Amino acid sequence: MPLGPELLELALTHRSFAYENGGLPHNERLEFLGDSILGQAVTVMLYTENPTLDEGELAKRRASLVSSVALAEVARAIELGPYIRLGRGEELTGGHDKSSILADTVEAVIGAVYLDCGGEEATAFVLRLIRPLLEDPERFGAAMDPKTSLQELSTRLGRGMPTYSVKDSGPDHSKRFHATVSLGGIPVATGTGTSKKQAEMSAALEAWTQLQLPPKK
């Protein structure tokens, strides 16, 4: 799938990089477009491939697959983070692995694919990105409801109930939330988001992922 270098560069340019470099164009318009393409592709796929599911279950699955948590998973799977152009401040605070930035960039890349290759290619691209989640039922369930999935897993492993602490930063019109999830009083993972809920979900999915890893020898 060819993608023009200029359009790809724009898709990977975060607003923080643009502002620090004299007001360059950034990827938020592409993100807006990609969000629409993503939603349509996922909706049609779920409808055609799940003829027995009712509207409520279809809506629940769509919300999961287009969520920032799921898109951040996709971005990490394709190792997108290191290629995102960020401002110095975002780089220093771990922006290359922030779920919200990763998710937004995935949407921008989808928008770029649509503009460069057309709707059919963009839809195929979306489905290639999300099918790994669908093919891993545990991962799909965790991305759909990470807090419940973490609670069930940690209880099964005898780690107790997860607890969350959340701090916020930034001005009122552009707040960032930073969540830490602890098991047995021990912090195990962090997550960020544009809302308290999103930050907690991101932290929960990261903790769930860590608990799935084999113990270190």
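Colleague: Just to check I follow, could you spell out the packing of aromatic side chains for this structure?
Modeller: Aromatic rings in a pair are described by how distant their centres are and how their planes are angled relative to each other. Following the criterion strictly, the structure yields zero aromatic pairs and no others. The aromatic ring of tyrosine 164 is capped on one face by lysine 147, whose charged end is 4.7 Å from the ring centroid.

Colleague: When you look at the sheet that holds strand β1 (residues 162-169) in this model, what are you seeing that I'm missing?
Modeller: Neighbouring strands of a sheet are bound in pairs by backbone hydrogen bonds; such pairs are parallel or else antiparallel. Pairing is antiparallel in the open sheet, where three strands are placed in the order β1-β2-β3. Of all strands in the sheet, those with a lone pairing partner are β1 and β3 (186-193), marking the two edges. Neighbour-to-neighbour, the strand axes of this sheet turn through a mean angle of 20°, independent of strand direction. In this structure, β1 lies alongside strand β2 (residues 176-183), joined through eight bridges in antiparallel fashion. Considered in β2, the bridge of serine 165 is made with threonine 180.

Colleague: What exactly am I supposed to notice about unusual backbone geometry here?
Modeller: Glycine aside, residues mostly have negative phi, and peptide bonds are mostly found in the trans state. One non-glycine residue, glutamate 79, adopts positive backbone phi at about 55°. Within the secondary structure layout, glutamate 79 lies in the loop between α5 (68-77) and α6 (88-92). A relative accessible area of 59% means that glutamate 79 is categorised as exposed.

Colleague: How do you make sense of the pattern of salt bridges when you look at a structure like this?
Modeller: Taken as a whole and judged by the stated rule, the model has ten salt bridges. A salt bridge links glutamate 28 to arginine 15; its shortest N-O distance comes to 2.7 Å. Here glutamate 28 is found in helix α3 (residues 28-49), whereas its partner arginine 15 is found in helix α2 (residues 15-20), with 13 residues between them in sequence. Arginine 131 serves as the salt-bridge partner of glutamate 49, at 2.6 Å between the closest nitrogen and oxygen. Taken as a pair, glutamate 49 in helix α3 and arginine 131 in helix α8 (residues 119-134) lie far apart in primary sequence, 82 residues in all.

Colleague: Please clarify how α3 should be interpreted in this entry.
Modeller: Count 3.6 residues to each turn of an α-helix, and residues three or four apart come out pointing the same way. Taking 1.5 Å per residue as the helical rise, α3 with its 22 residues ought to reach 32 Å, and the 31 Å between its terminal C-alpha atoms agrees with that figure. Where α3 is buried, its residues touch α1 (5-11), α4 (55-65), α5, α7 (99-117) and α8.

Colleague: Explain the side chain of threonine 13 to me, please; I cannot follow it from the model alone.
Modeller: Mapping threonine 13 onto the fold places it in the loop between α1 and α2. A relative accessible area of 1% means that threonine 13 is categorised as buried. Side chain to side chain, threonine 13 and arginine 85 meet in a polar contact 2.9 Å long. The contacts of threonine 13, once residues within four sequence positions are left out, are Ala18, Pro25, His26, Asn27 and Arg85.

Conventions and cut-offs
Residues numbered from 1 in each chain as written. Predicted model: local features only at pLDDT ≥ 70, side-chain atom pairs only at ≥ 80, totals over all residues. Heavy atoms only, no water. Phe/Tyr/Trp six-rings, centres within 6.5 Å; stacked < 30°, edge-to-face > 60°. Lys NZ or Arg CZ within 6 Å of the ring centre and 35° of its normal. Pairing = 2+ DSSP bridges. Helix = DSSP H or I, 4+ residues; strand = E, 2+ residues; numbered from the N terminus. Axes fitted to C-alpha atoms, helices over the stretch in contact; angles between N-to-C directions. Buried < 20%, exposed > 50% of the residue type's maximum accessible area, 1.4 Å probe, protein only. Salt bridge = Lys/Arg side-chain N within 4 Å of Asp/Glu carboxyl O. Expected span 1.5 Å × (residues − 1). Contact = heavy atoms within 4.5 Å. Polar contact = N/O pair within 3.5 Å; in protein donor to acceptor, adjacent residues only side chain to side chain.

Without other data, these values stay purely geometric and don't point to any function.
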